[in-house]
Each structure stands twice: as C-alpha cells, then as structure tokens.
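Read off the chains here:
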Amino acid sequence: MSIGTFGAFTQARLAIYAAQTGISVTGNNISNINTPGYTRQRLDQTSLYTVGSDRYYAEGDVRVGQGVLVNSLSQIRSPFLDIRFRKENAAVGYMDGLLEGLDSIASILDEVGKGESSKDEEGFGIIGMELDKIRDALEQLTDQTGHYEYDNTVRKNAEALCRKLNTYANKLQQVYDNTVTQLHQDVDDINGLLTRIRNLNEEIRKCDIHGDSALELRDERNLAIDELSNLINIQVDYSMEEISYGVEVEKLTIRLGNSNPDGAVETDSSVLVDGIYGSQLILEQVPETRKLDPKDTSTWPYADANGNPVMTEAEAAESLVKNLKYDPNVTDPADERFGEYLKEDGTGTNNKNLAKKEPAANPDYKPYVTASGQPTDKISEARMVDSPNYNITVSELRDKSNRIHYVTTKSPEVLIQDAAEIQKAIDALKKGGSITENNKPTDGDVTITTYRASAQGNPKWARYLPYLDAAGNPVGDIKDAATDANGKATPNPAHYPYLVNGELSMTKGENGVDNPAYEARYLVRDKDGNITGSTNSVADAAKDYYKEIYVRTASKPVELDDNDLHGRIQAHRELLTEAGEFTDTSVITKDGQTGPYRNADENASSKRGIVYFQKSLDLLANQFANAFNEANQGFLVDPEGNYITTGVNDKGEEIGVPVTVVGTDATGAEVPGVTATLGKKTDLKDLPPEIVRTLQDATGLVYDPAKGNSQEIIDAYLKGQKYDADGKPTLEGDDLKANAKGIFRGGVLFSNHNAGDDPTGITASNISISHTWANQDLLVRSFECPVEGLEPASGQSDNILHMLGVLGQDMKYIPNTLPDTAGASDMIMFEGNFEAMWNKIGSTLGADQKLTGNMLDDHYQRALEIDTNRDSVSAVDFNDEAMNLMMYAKSYNAACRLMTTIDSVLDKLVNNTGLTT
Amino acid sequence: MIPRMTTVGTLKNYRYDLNRSNNTMAKSMNKVITRRNFNSYAEDPAMATRCFQLRRSFQRTSSQLTVNESIRRKYDVAWSAMENISQDINTIAKDTGFTSILTGLNDPDGSGRNALGQSMAAKAKSIIQTMNGRYGENYVFAGADHLQVPFTWEPKENEGYIAEPDPKNPDHAAAFQYKIAPNSPEALAGELFTNDPAKADQVAQVNPKYDEAFTNDVLNGVNTDPDAKNDPRFGQYLKPDGTGTNDVVGADGANIIPLENEDYDPNSSFKYLKADGTGTNLESEAHSILHYRGVPVDSMDETDQKKMEYFMKGETKYLDLGLGFKEQNGEAVSSSVFDAALQGIYYLGGTGTEKVMVDMKNSDPPRQVEMELPNNIVSIMSRMSEILLNCRAEDGKWASESEESEFFALAQRFEDQASLVKQRWDEMDTESGFLRDNSELLTDTADSLSQQFMALEDADPAAAITEYMFARYCYDAALKVGNSVLSQSLMDYMNL
C-alpha cells in the first residue's frame, strides 16, 4: 500500500498536531510547577502505521508510517515510592503529634532555667524551689522553735507549694482537654479525607469507564492520601475491578497499615476505602458513670443481706439470678420462659439451689449521669462521653448513597441428599428456584440459595456402547468386542430398543417389539425411590436436586485494638491514654491473654502520655501530704519513749505519767500484777497475752502478727477509739476524747480541700493545707516531754527535724497507692526524696522529648528524602520542560516545513509536471 | 543513574535546609541571650538533672549555713557570758577579804566579812543574770526550753504550809493548836482540831519536870522536907501558881488548860520559810533558792535529780548543720546532727549536793562532821555569802563553829567548782570553734556547689558567641544560596 497523494499532508498535519499538543502539555506542566500534589504529565504518542496486506502482492512496495498519533496523557509516578513515603509520613505524624503533646507538658513541668525573678532564685525552678523553701523554713524553725512567725513561714511556703501543684495539675488537665479536642479533630479530618477519597474514587471510576485518564483527579486523590497518611498509617493497593464482562477499571483500596506489633491481631488491616465504598472512624461513646463516693450510697453498687447498700463485692450478699422471661404457666424446661431463676448454663430452673448466684445489687444504685448532671440508673438517660481508652471503631463501608458494601461469596454446587432438603428444593423450584434469606438481620448479611433439578441418569444407559467385551462389560469400539464363532461382535442388549424377529434392532420396523433389556437414558423410580425402569423422557425421569449458595456479606464495623492505629491520631490517643506504670495491669496481663487489647496497650508500661505525668504529679503530692500528715500526729511520750497520760504528784500537781495497761483474763477481770507500759517501741508480740487481751477488748481490733497491726492497735487504744465488728469506729467527738488513754498532739497538715481536714484521696489538683492548719498553729515541734512534764520544752524541735528528715528521706513511689490506680503495678517505680521525684518527672519527660524529637527528625529527614525521590520522578523541572519546549517547537517547525515541502512537491507534480515548453 | 533533580525537589530541600540553618542559629542565639548551655530537660536530661541536684545541695547548704551562723552567734553570746562568769568567779577568788579568811593571815573584822558576804551574794545574782541572757528572743542557757527563763530565784517554799486548814482533815493537824473537846457539837460534826481554846478539850496542865519517885516519896512521907511540895519535880500536874500537884480537880487541884495538839506547827500558816527557818508569807522575806527550769538546783529529791539528769544528759536540741543528717527509725542519728541545747546548770558546775566530811574548826580533839555541799557554783557562793552575812557585825565572829567549818569547806569546793566551770567553758570553746570551722566548710561547700552548677549550666561566652557567629554566617550563606538556587535554568538561555 502506498500513501495517497494527499496522505502526506495528513502526516504533516498529525505532526503539527502532536507538536502543538506537546507544547500544551509542557505549558501545563510549567503552569502547575507550584501546584501541590501535581504530577508531571507526559504526552504518549505513537507512530501511525496501517496494519494489513494489500490484495495483490506488489514487489517493491515499501510500507511507510503515516505520521504520529497522540494516544493519551499519562502521569509519571512511582507507586513504590508512594508506599515508602506514606509509611514514613505516618511515623512523622505520630512523632510530631507526640512531640507536640510532650512539648505542651514540658511547658508546664520543665523547670530548667525557670525560677522567680529574684536573682537568688533564678534557675532553681518553681515546684523545686517551693520544696526548697519549705525545707529552708523547717531548718530555720529547728533553730527558732516556738516563734510563731517561723511556723507561719513553713505554713505559707506549704500553701504556696499546694497552690503551685494545683496550678500545674490544672494546666496539665488543660493540655489533656486540648488533646481530646485534637483527637476529635483528627477523627473529623480522617473522616473528611476518607469521604473525599471515596468520592474521588467514584469520579475517577466514571472517567475510567469513559476512557478519560482523570489525571488531575488522581493528583487530588494522591494529595488526600498523603494527607491521610500523616494522620493514620495506611496501606494503599490498586487492583482491577471487573465492571462488566471483559471490562475492567482500576480500584483503589486503602487499609489500615498493619501497625499492631501483635501478629495475631488482624483488625489493624481493616479496610477504610474500597473503591467507591468508604468507612468512617468512630470514637466509642459510653455512658458517663459516677465515681464510687463513700459518702453517697447511691454510688454503691451492692447490697448486704439486709438490703443496705455496700461498696464492695466482698461485703455484698448473694442473690439468685432471676429469669426475666419467666412465665409460671410454662412447664417445658426447654422453653426460655421456664423457671423463675437462671442456671449457670442460662437455662431456667425453679430450684433455688441450682440457680446462678451473683452479688446482690443495691436497688437505689444510680451509676450514670444524665445530660443535666443528675444521677440516674437508666442507661438510656445517661450522657454519652468518650470511652476512657478513647477506643475507635472503623464503621462499615458505604458508598456515596449510603448503601452498604457487600462481598458475595459462592459455595460449590452440592447434591442434596436429605429428604427434607429435597422437599424444600422441590417447593423452591415451584416458586422460581431460589430462596433469599437474611441470615443475620443486624449485619445485613444475605444468603441466596439457588436450587436446580436434574433428571437422574441411568448408569446402564448404553447410548454409545453397542457391544460387550469378553468380560461382559459394555464397550463402544467393535475392536474391543467379544466375537462369536462367526466373528460377529457380541451386541450389548441394553443398547437396542427393539427386537425384530428376536434380533436386537435400533429400529422397530413393522415387526419390531420393545426390547425388555433396553435401558433408556434416565431412571424411573416409584414413590419409595425404588428403580422401576428407565425412560428417555426428562419429565418422567427421577430427579437429582442440587443447590448452590450465594452469601452476600455486608461490611461490618470493626472494633480496633488499642495498637491498631499509628500516625498523628495514635499519638494523640496515646497522649490521652498511656499511663506507663500507672496502667491498670488487670486489663493487659491476664494469664494466657494474647489480645485483643481493646481497653489498654499491652506495651503501656513503657509509654508515657499526659496521664502518666498527671499521675506522677498526683503521686508526688499524695506521698508528700501523707508523709507530713503522718509526721505531724502522735502521742506525747516521756524521755524514755513511754506514752504518757495525766497523773498527779504528791503535791497534787498534774504531771505526766506513763500509760499503764493492766492485763485481763478471758472473763474480762483484771489480772493483778500483770501490767505493762506502752511506748514507741512496744510491739504486741513482746507483751503477755493478758495485756494483748485488754488492748483488743478496748479497741475491738484483733491482733494479727502476720498483718503486723501492733501499732494500729496501740494507736487506737491511746486514741480511745473502739471499732465495731465491721471495722468502723464507734466513738467520735467528746466521747472519743473522754476515752483517750494517751495525749494526742497534732493533726492533718494537708487535706483534699482547704475547707476541711480530710486527708484521703489527695492529688496534685486538690492538695491544700488543712482547714485547721490554715487557722491555727498546728505544727508539732516535739512529742517528747521532760520528766513528769505534760508539754515538750518550748524550744524542743525533734519533730521539726524529723520533718526535715522526711523531706530528705528516700520514699518508695508505688503506682497503685493512688486513690484511682488500684489496678496499677505494685512495683516500686522510683525511690528517692521528694525533690528527686520531682527531678525524675522532669528528666523522664525531657528524655522522652529528646528521644521523640530525634526520632521525628530522623523520620522527617527520611520522609523528605523519599519525597525528593518522588519529586525526582513526578515533579516538574524547568530544564526538562525547557527541553520539551524546544523539542516540540522544533518539531512544530519541522512539521510545518514538511507541509511546505509536500506542498511544493505536489505543486510541482500538479502544476508543473507534464508541461512542455 | 543520576537522580533527576527537579525544580520542585530542589526547592523543597532548600526550604528544609534553610529552616534547619535558621533553627541552629536560633538555638545559638538563645544560648548567647540566656547565657545557659541548655534551657530545657530535653536538651540534656542527664545534665539538667545533675544541675538540679547540685542546686538542691546548694540550697540545703545555704540553709544549713544560715542556721549554723545563728547557732555560732548564740555560742558567741554564751561564750561571752561564760567569760563574764569566769571573771566574776576570779574576782571572788582573788578578793582580798576572801583570801585573808582562807589563809587566816589577816582575819577581817566583822564589817569586812559582812561586806564580803554582800559582794558574794551580788556576784551570785550577777552570774544568774548573765546566765539568763538571751540571743535574739531565745534564752541562751535554757537547753531546749529557750522561751522560758532558765534560772530563777524562788522563795523557799514551806513544805508544811497548809493553805486552807480543815479541822476535819487529820492531815491538817499541823495547822491547829488544840484538839477539839470530845462530845462537843464540833466534835460531833467531825472536827478534830481547833484554834479556839474555848472549844478545845480541857485537861490538867502536865508538869514537864514531874518525877514519879520523888513525888511518891513526898506523898508517902518518906521525904519530909517541908518545901518538897514546892520542888519542880513534885506533882504530875501544875497548879495555877506553878507548883506541882497530883490532884486533877479540887480547890488545890491542877491548872485546867486547853489540850494542845502535839502536831501543831506554827509555820504551817506560812507559805515560805526565811533563812532562819521561820515562816513568812512575804516572798521578799523568804530565803531565795536557785531553780533551774523549775527544779531546785540543790535538791537531792529523787524526782528532781531525775529531771536534772534529763536536762543535762537526755535533752537535746538537734540541728542539721550539714553533718550528713540522717534518721534511723524516725529519730535523728546523733552523730549526724549538732546538739545546740546549752544547759546552763551544766556550765555552772552541775546540780544537787555532795556529802563531804568536814574538819570542825577549833575542835579539840579534832573531829569531822558530814556536811552536804552544793555542786553548783552559784549555790556555793550563795551559801558562803549567807555564812559571811551571819557573822557578827561587831567583830566578824562566825555565827557558829559549824558555819565556820562549813565556810572553809565551801571555799575549797568553790575552788574545785570554779575549775570545773572553767573546764566547761573550754568545752564550749571547742564547740564554738567547731561551729566556726563548720561555717567556713559550709561556705566553701556552697561556693563549690555554686561553681559546679554554674560551670555546667552557664555557657562559655566566647564559645557561645563564636558558635552564634558561625551559625549566623552559615544562615547568611544559606540565604545567598537561596537567592541563586533557581536563578539559572535552561529557560533563561532559550532563544526560539
């Protein structure tokens, strides 16, 4: 084939068109050099060549291409670099989020270089300085004991420390609250991006179907995916989706990026976007519950045998679990309405002995809080709040129209053999042959069972086997057949439907009769299933029934494990949930537990978020308050360390005399001659049993050497307190004073509120100097009185010195000693004095910050490197584009020149050829 | 293959590098401005922790130094007081009158002894005033009871004083002169004693010189002396005319008088006792007894001794002066603290008395009697002054042989205890010296700690400024690079 006369023009025209398009593409690249996410585009062009052969062969016919074709525009991207970048970007997001949180905490707790404006205090920190000031005030007080102004200095410094701790705790709470807001924002951002990507998928899909490459939409989608990868670790897959027979379009799937270090967990690969379906992240909401309040019985969950509220399960009476569906008229034990009570296996019973037992519930228990802050027992009325562990659920996949995503699975067709099933199949076939049922209405799963009936084939049917071999088996090839003496092949009687004159025959003819040995194609059975013959009629034949099951499984919400996420959102979650050593170990250390760990991180002990620092500060405040409260209370002693009480000397003057205990026998009668004095070093194990009996009877407490409650009993005796069988004090006020055996001095210095003297549950946020201390001089300078004295010497300061000792003493900080960390570890997390503990909090934070900062830097550099690599593939470069401009411009010029040449040639051919002069 | 460096990639890298350069410069600038090597835990957690530890030690040492200085000054005051006391004691010891008495060379006349007694009494009072001195608002020598004046002169209390006599109380017998008349309305009301003679039981006046044998001889006529009945030995009772009789009643009978209470003590109505043992209710007239923190210093009463023992050996006022204060079972380990309780009684020679065998002066044959001499130098001086003041004014004669002997024994004891006081002053000097040394040590420690944390925290200005200048230079260079990073490309050379 040769090109037509004017075909060369087309060639030039295509060249001009290609060059012009190339210039446009280059122009577009240059224009978008600053467009975020823009991927440089390339013009795909091919040489136009007509395939085929001429009708007649012509020697010397040279095939020449017919120009250039512009096929398409394509992007230059590297999926591998995208994957690497997104993985790294998640790590950057995680570290960045974490560092941001740690920096916020450090702005409160990091006291390096901080201090008051005065020169002497600059650089000494704030809380650290307050601890120093208390110590200094105590030092001065040991010297100037008895002068009120020095006591007052200690108190004022203690008050300042409390206020600073309160401020720090409040600021930490603000950081916590802000991080909660950030977490909500993260979830909203992720959900927005997931929706955007899903919608872009749909648009790109449409474009794909119509043959449009939709490059700009892909750029937008890539940008959104990059953004998403900073918030959450993802895995992006591209696959082809068949939309009709032989027609496929690209499908994008985004999954969680398999972040969970626990290999057994699969939820960390949950699908977020599947083509045109997308999911959303949901922050789990739970009813807001009230804390157990010893002063409010409506917060006590259990009841005792008398129906009175109690706080713990151990105190609760047992009650039988009632059957809520109980119907007295039902007598069938299999019926769920049978029986007034439920057994362990969940079935009903009327036998109370067999009934399942549970702790009796407090009928007035109101565990929830309504939206208006009122207590309620109805969960439906409760205010919903974020779950304590900020658990996240991935919702089901839905498309733009909110239709749920189904996955259809087909099981292989099976022969039905069960009689009831066969009947079901027969019934179904009468109604069209398939049954659709919703297996689990809540999940939206759909099961479609399709039935098919098939005539039962006759195994003896010998359509293609007209002979018998020597063994009598049917065979098709005459060569295999047995022969008689005449060399005639032995016929298979089942093969021939007729007998004509006794001979087997394929046709009936005039004399033919049916061959009784003939076997038709299908079997015929009677109603009992016995074979009664064979037939070639499908309608008359016995049937085999088959079924094929299609299950359309609806996409379901997935409750994520604590460690399933990564990226910025997980950083914010961990800031809110990670409590390090304060983590409730019961959630994560059950024997044999391998996960999932939905409500705590199994690696929590090495991770520290805001909660850790809040609890550390609480522990410091709590330990500080307890140590000083303990140091400031006690009973007066004489120089030999014996507890004293008021006596009278010969002159009738009141003097201090040792507390003496007289022993008693089992009847309560005093045993003459068995006496003992109680002192600071007295241990009940060293005293005669008669004395111990007196102390036990007086206090209501039982001495247990294993428990080591000797001092507790002695204190109770000296205080005059008597406890009832439940261990509750029975005396108070003047009755208690009247019954006191020793002389009590001091009181609580620190309390949980400045309006009272309650030393329980002290944390950094509530620590205050006690109401009593705020209003009077309460510091006990000494418990030791001179001989016969009833008051310590006016300048005696051994207890102030002891307080100094307490300040410098190495304390054991145990995480589970705080009021709300009972489930935490009982291991010592730190041992040191208060200042060392305060430094430990700061240095732990600093080390975490430094490590996180370094890792962020590391990840960021790596991400930048990968991004630069991506840019080296996908970004626009001026030199490249300049080259392209020149190339396309030259091409354009050349094409124009080609056209001029062809024009000139044709002009010669048309206008000047054949002319003679 | 050479990586394709794109315009976008170049810009992105440049932006990051410029930011880092700026960040480095900001850090250097911060170091210059704050003059600190680090401004957060995160910059150097280990170093920050170390610095805070050093700062805490510095603060602690500073507090200890403050207390040490306070105690050192208290000891200075105490030392000066002891110096004064020593001078007072020396003045007495070298007093001409005193030495004359002791040497017997020039026994002064009465006025001299009395004057010496007055001088000695005044010195004793002066010593006590000195010992009651204060440093700041605290009594220096009050042990751990520094808000209470340690030494007091208390009037000698009458232990038999009955404030509100109760005639029904057998323990109050000493307050009543007479025993109540039996069957009287008062006796029936339960009263046992009375001071009203009219209500008293009436009895015959007993002849204190009654001699039963003599009287029987007269009554039996064995003794025929007509004046025998006027003999004081005659008669069991006394008649109103003072002669004896055995008749209780009758015209010539015995003198009927109220029944005296043999337990009656006329001093029982007095709160205090004078120096001569008689009673008085006036504090000013009463004999002054030296008390230390409410306990008579010379008392040998077991409880008083126990109290004094506690003051001197048991009571402490421990202070943390940087001696490595630590506690064991909640109590300070004594070797790790300083006991700042200065017990005045200790520095004056102690408490109680000591039994001494004293040679009686002018006794022939020579004999010794046991006397209780006080340990406390002020008590010694007081007693000596009493004895001297008891000397007869006209000729200075000793009031008694016993007092003379006691004086000489006291004078010997005075010398011994003066030496002891001096010795205890020396002890104090040692402790003062320790406090001075400790003060220097604490000052040095504080300086050293201060230097240590400053060395760790404070940036070396030269290094910091050099570092900043270099960072600045780098940043400027980076800016210049930025100016040309996109300046040239093929675009600029295209000429189509």
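Procedures and definitions
Residues numbered from 1 in each chain as written. Chains lettered and ligands numbered in written order. Predicted model: local features only at pLDDT ≥ 70, side-chain atom pairs only at ≥ 80, totals over all residues. Helix = DSSP H or I, 4+ residues; strand = E, 2+ residues; numbered from the N terminus. Rg over C-alpha atoms; globule rule 2.2 N^0.38 Å. Buried ≥ 20, exposed ≤ 12 C-beta atoms within 10 Å, placed from the backbone. Core = buried A, V, L, I, M, F, W, Y, C linked by C-beta atoms within 7 Å. Contact = placed C-beta atoms within 7 Å. Nonpolar A, V, L, I, M, F, W, Y, C, P; charged D, E, K, R; others polar. Domains from an automatic or database assignment. Pairing = 2+ DSSP bridges. Axes fitted to C-alpha atoms, helices over the stretch in contact; angles between N-to-C directions.

Draft legend 1. Quick peek at the overall build of chain B. Helix and strand content of chain B: 12 helices and 19 strands. Against the 2.2 N^0.38 benchmark of 23 Å for 496 residues, chain B shows a C-alpha radius of gyration of 45 Å, more extended than a compact globule. Across its three principal axes, chain B shows a C-alpha extent of roughly 185 × 70 × 35 Å. In chain B, which comprises 496 residues, the proportion classed as buried is 34%.

Draft legend 2. The nonpolar core, seen in detail. Residues and elements named next belong to chain A. One finds Leu 165 and Leu 617 to be the most contacted residues of the largest nonpolar core, which totals 208 residues. Top contributing element to this core by residue count: helix α4 (residues 148-209), with 17 residues. Once residues lying within four places of it in the same chain are set aside, the contact partners of Leu 617 are Leu 165, Tyr 168, Ala 169, Leu 172, Ala 764 and Ile 841. In this structure, Ala 12, Ile 16, Leu 885 and Tyr 888 belong to the second largest nonpolar core, which totals 10 residues.

Draft legend 3. Representation of the interface of chain B and chain A. Taken together, the contacts link 60 residues of chain B with 58 residues of chain A. Elements represented by at least two residues in the side of chain B that touches chain A include exactly α1 (7-34), α2 (45-93), α7 (302-314), β14 (318-319) and α12 (490-493) of chain B. With 15 residues, α2 of chain B is the largest single contributor of residues to the side of chain B that touches chain A. In terms of residue class, the side of chain B that touches chain A is built from 23 nonpolar, 22 polar and 15 charged.

Draft legend 4. Local environment of the domain arrangement of chain B. Domain annotation for chain B reports domain 1 (57-150 + 307-449) and domain 2 (170-267). Computed over C-alpha atoms, the centres of domain 1 of chain B and domain 2 of chain B are 56 Å apart.

Draft legend 5. How the structure looks around the sheet that holds strand β25 (residues 498-500) of chain A. Residue and element names in this part refer to chain A. The strand order across the open sheet formed by 3 strands is β26-β25-β27, and the pairing between neighbours is antiparallel. On the outer flanks of this sheet lie β26 (503-505) and β27 (512-514), each paired with one strand and no other. Each strand axis lies, on average, 40° off the axis of its neighbour in the sheet, ignoring direction. In this structure, β25 lies alongside β27, joined through 3 bridges in antiparallel fashion. What sits directly across from Tyr 498, in β27, is Asp 514.

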